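Structure assessment
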Amino acid sequence: MLVLHTAATPNGKKVSIALAELGLDYETRVVRLLKGQQFEEAFLALNPNHKIPVLEDEGQAIWESGAILFHLGEKYDPEGLILPKDPQLRMQALQMTFFQTGGVGPNLGRYGEAFQKEGEKNAEMIEIFGRELERLMSVLERMLADGRDYLIGPYSIGDIMHYPWLVLAQDAGLPWLLERESVVEWLARIGQRPAVQAGMAVPG
Ligand SMILES: N[C@@H](CCC(=O)N[C@@H](CS)C(=O)NCC(=O)O)C(=O)O
């Protein structure tokens, strides 16, 4: 049985979406991040980097959301539903996965920290990460400019990687996202998928 260690955060939801897309059964274990459970010895034995998500599969603990999605695609996706079979598209899906973990993920994470901070906010942090996020949104906009439905054409792990993070930015009303129509439409398209709705609801 697959075991997903997760929390109600965008990185955890990437994995529950992928599991739902592939129709896989799994057990959910919620890690209470605010209580520091990610620093407990049992969890550190799974992930020395003390972060969710972690997926246990046949005794192997896999961490880093991109690696987990790639693993699921390699092992459980015979139809190429989230990891295309075509070698070029497969590489592009991987490329967008790395792009997310090196770009939108950390920048939106740091921006969110500065943006949500109680009391006096660090205007410089908001400016630096906001400017980079605006640039990253332009990259996505450029990719979607030819009217394709998803980032690489067909739906893939590259879309799943971005979705839970960008809906947060959208819900927060961040203008550099909302003013990009093709990006908003792309997110809406992903959000209509039943598996995405199911995955976003985990953990309940
Ligand atoms: N690059 C990692 C990031 C994972 C991550 O940042 N997880 C956060 C929740 S969204 C976490 O567990 N933070 C707890 C901590 O840093 O102690 C991935 O993509 O899996």
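Residues numbered from 1 in each chain as written. Predicted model: local features only at pLDDT ≥ 70, side-chain atom pairs only at ≥ 80, totals over all residues. Heavy atoms only, no water.

Structurally, the α-helix is built with 3.6 residues per turn, so residues lying three or four positions apart point the same way. A rise of 1.5 Å per residue sets the reference length of helix α1 (residues 10-21), with its twelve residues, at 16 Å; its end C-alpha atoms lie 16 Å apart and thus fit the reference within 8%. Among the twelve residues that make up α1, ten are buried, leaving the element largely enclosed by the rest of the structure. Along α1, the residues classified as buried are P10, G12, K13, K14, V15, S16, I17, A18, L19 and E21. Count one or two residues on from α1 and you reach G23, which has phi positive near 65 degrees. (Helix = DSSP H or I, 4+ residues; strand = E, 2+ residues; numbered from the N terminus. Expected span 1.5 Å × (residues − 1). Buried < 20%, exposed > 50% of the residue type's maximum accessible area, 1.4 Å probe, protein only.)

To continue, consider the pattern of salt bridges. A complete count under the given rule lists twelve salt bridges for this structure. In this structure, the salt-bridge partner of R131 is E127, at a minimum N-O distance of 2.9 Å. Within this pair, R131 and its partner E127 are both found in helix α5 (residues 123-144), separated by four residues, close to a single helical turn. On the basis of relative accessible area, R131 is assigned to the exposed category, the value being 52%. (Salt bridge = Lys/Arg side-chain N within 4 Å of Asp/Glu carboxyl O.)

Turning next to the packing of α1 against helix α6 (residues 157-171). Interhelical geometry of α1 versus α6 gives an angle of 130 degrees and a closest axis separation of 8 Å. Judged on the interaxial angle alone, α6 and α1 are oblique. Crossing hand, α1 versus α6: right-handed. Each of P10, N11, K13, K14, I17, A18 and E21 in α1 lies in contact with α6, whose residues at this interface are I160, M161, Y163, P164, W165 and L168. (Axes fitted to C-alpha atoms, helices over the stretch in contact; angles between N-to-C directions. Parallel < 35°, antiparallel > 145°, perpendicular 65-115°, else oblique. Left-handed = near helix turned anticlockwise from the far one by under 90°. Contact = heavy atoms within 4.5 Å.)

On to the pairing of strand β2 (residues 26-30), then. Across five bridges, the pairing between strand β1 (residues 2-6) and β2 is parallel. Its bridge partner lying in β2, H5 is registered against R29. Crossover β1 to β2 through α1 is right-handed. (Pairing = 2+ DSSP bridges. Right-handed = clockwise from strand over helix to strand, strands pointing away.)

So, on to the packing of aromatic side chains. Under the criterion given, the structure shown has two aromatic pairs. When the ring of Y111 is compared with that of W176, the centres are 5.7 Å apart and the planes differ by 80 degrees; the resulting orientation is edge-to-face. With a gap of 65 residues between them, Y111 in helix α4 (residues 87-116) and W176 in helix α7 (residues 175-178) connect regions that are remote in the sequence. Residue classification places Y111 among the buried residues on the basis of a relative accessible area of 7%. (Phe/Tyr/Trp six-rings, centres within 6.5 Å; stacked < 30°, edge-to-face > 60°.)

In this structure, the largest pocket occupies an estimated 1,100 Å³ of space. If you trace the largest pocket, you find 39 residues lining it, with T9, P10, N11, G109 and W165 closest to the centre. Of all the elements in the fold, those that place two or more residues in the lining of the largest pocket are α1, α4 and α6. Examining the composition of the lining of the largest pocket, we find that twelve residues originate from one element, α4, more than from any other. For the lining of the largest pocket, the per-class residue count stands at 20 nonpolar, twelve polar and seven charged. (1 Å grid on protein atoms, 1.4 Å probe; cavity = no way out; pocket = protein on both sides within 12 Å on 5 of 7 lines; lining within 4 Å. Points joined across faces, edges and corners; volume = space filled by probe spheres on them. Nonpolar A, V, L, I, M, F, W, Y, C, P; charged D, E, K, R; others polar.)

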